[in-house]
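# Observations on the three-dimensional arrangement
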Amino acid sequence: MICYNSKIRTLENKVKDLETKESEVRESVDKAKNNAQEIRPCVEVWLQNVDKIKKEAAEIVKGATNSEMQCLFLRCPNLKTRYSLGRKATEKTAEVANLLDKGFQNVAEPKQLVQIPYQNPGDFGAVETRISIKNEIMDALKDKDVRIIGICGMGGVGKTTMAKEVAKEAKADRLFEEFAWADISGDPKVTKIQDELAERLGLNIKDITTENVRAGRLRERLGGDRSKSILVILDDVWDDTIWKTIGVPSTMDDKGLKILLTSRNKDVCKRMKAQRIFDVNILNEKESWELFKEKAEISDDLPNVMKDTAEKIAKECDGLPLALVIVGRALSKKPEHAWKNALEELRNSSGANINGVHKSVYSSIELSYNYLESNEAKSLLLQCSLFREGTNIAIEDIVRHAYGLELFKNTTTLITTRNKINTIVDDLKSCYLLLSAKDKDRVRLHDVVRDVCLQIASKENMSKYTGLKEWPKHDNNESYSAISVTSYELNQLPSGLEYPDLEFLLVHCNRQSMDVSKEFFANMKELRVLDFTAMGIQIPSSIQLLTNLRTLCLDFCTLNTENSTFGNLKMLEVLSFRGSALDHFPEDIAELSNLRLLDLRLKNRSSYCPLPPGILLQLKKLEELYLGVVEIRDDELEQRGYIIKEISSLTGLNTFQISTNDSQFLLQILRVLCIEKLERFHIELTDLEYAHENILEYYYFGRRLHIRGITYESMLSQPAINSLMRRTDHLSIEMNMNDDDDLSQNDVDDLSQEVMEGKNMLDEDGFEYLNGNHPIGAFDGLQEINLNGIPKMKHLFNGVIKPPSLHNLMFLTIKGCPSLKSLFSESVALGMVNLQSLYISNCETLEEIVSMDMEQNEITEMLEFPKLQEITLEDLRNFKSFRCGSNKTVGVLNPLFKQVTLPNLELLKICGLGCTVTIFSPSMANSLVALEDLWVEDCEAIEEIIGRQEEDNTSNIEIVEEGTTSRIVFPKLRYLELLDLDRFRLLSSQNYKFELPSLEYLNIQDCPMMTKLCPRRLLSAPKLDKVWINYESMDISNFLDFEDVREPQIC
């Protein structure tokens, strides 16, 4: 009895000690994150294990309080239960002690430098005149006395491209520890610029709404740590005071901070006290011709007559890269008469007076616009120019606007309109009139292209206004067809406006309260598209006069809809409240019988506004329904019934979105939906907090299924879920059986037995949809799989799955699946030709990624993953090899990667592996021609990176030998990190010469057995620049005794 109580108390005390240490570690982690550092994987795994073990210990302690039984009138101890609890307490105390013994010298490492923003197509930075300027700018960046550098030149000359080339080279040379880039533009949005800088600096200011406070936080972040070197790049600056407004501190007081800015106006650079200003001038005649020739795809055997015309056209572009690129693409593969006509148009163009834009640039963009093959493409491009300057334009916004304007013939549905727009967008990108954005569902306009398009649009009575304090003064006789107003100072929408021909109105104001006149819409009766974004308003009664309105977007607004008159908009087909807060649900929406799209993805739970009965029942023409987060409260259970009934009546739906925490409700909806008709879906079963936080993450989506937690006994085996899984392109299933949820233990056991135990998550013995009867091509659209916390899953895929299934899979992530043995067989792996990222974490029993097919006895051929770029393997204590091989290899210590080639692997991160002694064979190592980053951490058995060459090697990669020394070459390896490796001694104990021509960064921490990198002087690393290393355990001079290495910086 005494021993039992002692064991429980010991456990409680140990847990308290663990909580104290956890608090310290989490505090260090928070500080590291604030400093934009990358948390070490072993730390994240340790914190996960702490959470888990605390819950398990709490269960033991809780069990101790209940370990008594009634004995007549007394409480008597249950000896059997106490014995069991005492034993568990002892075991758990040992586990807690192991976690306490784990020490972290550093919880984080410096994060790899942030990627420079997307490089424009048509790169023209590699010509001779540009190289010389770039080299001068690089010298200025290296000059300790130069703090501010300006790049000047007219629009379209290549300032932004030059800045990106400079940033790219500065990053490669590791001139700065951190980089931050922001696009400023002539109409700067301060909060957007602050967000861009903060994101790239790892600073969280999203919850701060006051610009001055945000600026102060940025100023502190950029200037607070004087030991850090930071380069801030401000692109397209028009106002010399903007940097102080957004929060960039004075560089005079901070020797670690440098600013690189671009501007069309040299005076701006001077007023910002730039110490060095570089002019980016036009290209010379030879450079111009070479660039034009490349973009126009002119062959050397072009007839002399056409070549003469082409050379004259190139001269008309006046050496301006943007003009040369755009005209070249517009004329590519065009017949001779088109070239001659283009030359005449360029010669006769009057151009336009746009500040900082050369006449030839205007003429070239106008020519490219005129050469677009359809009026539809022209209209779409002009529509794009009406969006806020500097923004990444959501293609979904274009779709909703274009549908309301009926820009395209023969597109009678939103799906066909969306397909048409994506096709045109691709064409405009190929002409460089539109550019790709970071997100694939968005596009952007070069600032000069936008300016020219606005000039063209003005000829067609389309106007755009920015920075206004009051509504623009118009001649009421002017016949405007489109107006776009972006202003953060405008606070009133007046009455008395006369716009009899206006079809498109976009107002983006970012005002919490906007005073809208009741008669604002009185004289806009031809209006077809109305888009109010980011404002607090009461919709005026005059909106009911817009009888021709087809698209109404009230996104990110705070709306007073108590006296709604939406029901009078009988022609309305698109209605969106995305990101908005409603004080009342406008029930007269039920009268919009022509509605085809309804977007109810509201802001968050603070705007809880349940869907009233009868709304959907009347909307028979709906094609796209975005329900947002559907929260069924205890006092509103009848809501579940009528929503299901009304959705069942929407037979024309091809797009459906819902996020809910009610599994039975979701299953009932899926049963009444015609799932096979859905072209697009985003369906989430998740907790409400997560749902509200992420509801706006995916504006556009393809086919997404996300299940977080399972609250229904056989959820994953339901036919409706099976059907969605077959057709999804993004699959995410997350379970957490450690949390208290709605499942009883019997439910867990039944679910595990029925669905997973002895079976597979997605194999033919598991779910019904992969039992051999699934349609041909099932999973052929699957692009991403994310599985987390599935306790009994033993395999991901098992058996034979024939191509084209899985051939589009790009991202595979699996975490916390303790029963997992292998992922898939060789025959399945052969179909994964597009796999790009593999992330496996915290799977205790996982032994291999690829298993042999049942009929195989041994591995006979190399297996290739041609596009795999990133592999992360974390906390896999029983993991043996990526591909283990036959039973003949039992007892043989195989390298981590055996009989597999990864020609495009760039990042390999290994942490917490328990059985691996070596990582690569020599032949495998020499095949990693793209590897840039190798991170090995907390692998208790690893002794070296490169082992012996396997005797039965079937690789066709040859090991280069020089005399008696074999050569191992990692041509692109830049980062090598070896952390917390108790047995690690050398890169290799064999007689290999290592050539690391690109290695710049070497980090070695807590490797007590290591005294040098390799035997003798058998390592070449000519670019090694920074070395992080433990001084206590090794002789630095001996450690860095390489051949062909410059003096690195020891950190």
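Keep in mind that what you see is a predicted model, and the values were worked out from it rather than measured. (Residues numbered from 1 in each chain as written. Predicted model: local features only at pLDDT ≥ 70, side-chain atom pairs only at ≥ 80, totals over all residues. Heavy atoms only, no water.)

## Regarding the overall build of the chain
Along the chain, the regular secondary structure elements total 26 helices and 49 strands. Across the 1051 residues in the chain, those meeting the buried criterion constitute 57%. Within the chain, residue pairs in contact and separated by at least 24 positions form 71% of the contacts whose partners lie at least 6 positions apart. (Helix = DSSP H or I, 4+ residues; strand = E, 2+ residues; numbered from the N terminus. Buried < 20%, exposed > 50% of the residue type's maximum accessible area, 1.4 Å probe, protein only. Contact = heavy atoms within 4.5 Å.)

## Observations concerning helix H11 (residues 304-316)
With 13 residues, H11 should cover 18 Å at 1.5 Å per step; its first-to-last C-alpha distance of 18 Å lies within 8% of that length. Inspection of H11 places Met-306, Thr-309, Ala-310, Ile-313 and Ala-314 among the buried residues, and these make up the whole buried set. Down the axis of H11, the sector holding all buried residues measures 140 degrees, keeping them to one side. More than 90 degrees from the buried face of H11, the exposed residues found are Asn-304 and Lys-315. Asp-318 sits one or two positions beyond H11 and adopts a positive phi of about 55 degrees. (Expected span 1.5 Å × (residues − 1). Arc of directions from axis to C-beta.)

## Observations regarding the nonpolar core
In this structure, Phe-824, Phe-865 and Phe-920 are the most contacted members of the largest nonpolar core, which totals 164 residues. Looking at which element gives the most residues to this core, the answer is helix H20 (residues 663-672), with five residues. For Phe-824, the contacting residues outside a window of four places in its chain are Leu-796, Phe-797, Leu-812, Ala-829, Met-832, Ile-849, Val-850, Ser-851 and Phe-865. (Core = buried A, V, L, I, M, F, W, Y, C linked by side-chain atoms within 4.5 Å.)

## Remarks on a negative patch on the surface
A grouping of Glu-136, Asp-139, Asp-143 and Asp-145 is seen on the molecular surface, where their side chains present a negatively charged patch. Of note, Asp-143 is situated in the loop between helix H4 (128-142) and strand E5 (148-152). (Patch = residues over 30% accessible without salt bridge, like charges linked within 9 Å, V, L, I, M, F, W, Y side chains within 5 Å. Areas by Shrake-Rupley, 256 points an atom, 1.4 Å probe, with all protein chains shown as cover. Salt bridge = Lys/Arg side-chain N within 4 Å of Asp/Glu carboxyl O. Lys, Arg positive; Asp, Glu negative; His and termini not counted. Charge placed at Lys NZ, Arg CZ, Asp CG, Glu CD.)

## Comments concerning the side chain of Asp-240
Position of Asp-240 among the secondary structure elements: in the loop between strand E7 (230-235) and helix H8 (242-246). At a separation of 2.9 Å, a polar atom in the side chain of Asp-240 contacts the side chain of Arg-271. If we skip the residues at most four places from it in the chain, Asp-240 touches Val-268, Arg-271 and Met-272. (Polar contact = N/O pair within 3.5 Å; in protein donor to acceptor, adjacent residues only side chain to side chain.)

## Brief notes about the pairing of strand E32 (residues 837-841)
Consecutive side chains along a regular strand alternate between the two faces of the sheet. Burial of E32 is extensive: four of the five residues sit out of reach of the surface. Of the strand pairs in this sheet, strand E30 (residues 811-815) and E32 are connected by five bridges, and their pairing is parallel. Residue pairing for E32: Thr-813 is matched across the bridge by Tyr-839. Across five bridges, the pairing between E32 and strand E35 (residues 870-876) is parallel. Each bridged residue has a counterpart across the sheet, and for Ser-841 the counterpart in E35 is Glu-874. (Pairing = 2+ DSSP bridges.)

## Describing the sheet that holds E7
With parallel pairing, the five strands of this open sheet are ordered in space as E6-E7-E8-E5-E9. Two strands in the sheet have a free side with no partner beyond their single neighbour: strand E6 (178-183) and strand E9 (276-279). Geometrically, the sheet is characterised by an average inter-axis angle of 15 degrees between neighbouring strands, direction not taken into account. Summarising the sheet, E5 and E9 pair through four bridges and their orientation is parallel. In the sheet register, Cys-152 faces E9, and the bridge partner there is Asp-279. (Axes fitted to C-alpha atoms, helices over the stretch in contact; angles between N-to-C directions.)

## Points about the confidence of the model for the chain
Averaged over all residues, the pLDDT of the chain equals 81, while 82% of them reach at least 70. Confidence over residues 69-75 falls short of pLDDT 50; this stretch has eight contacts with residues more than four positions distant or in other chains. Note on residues 112-122: pLDDT is under 50 here. Beyond four places in sequence and across chains, it has 34 contacts. (pLDDT = per-residue confidence, 0-100.)

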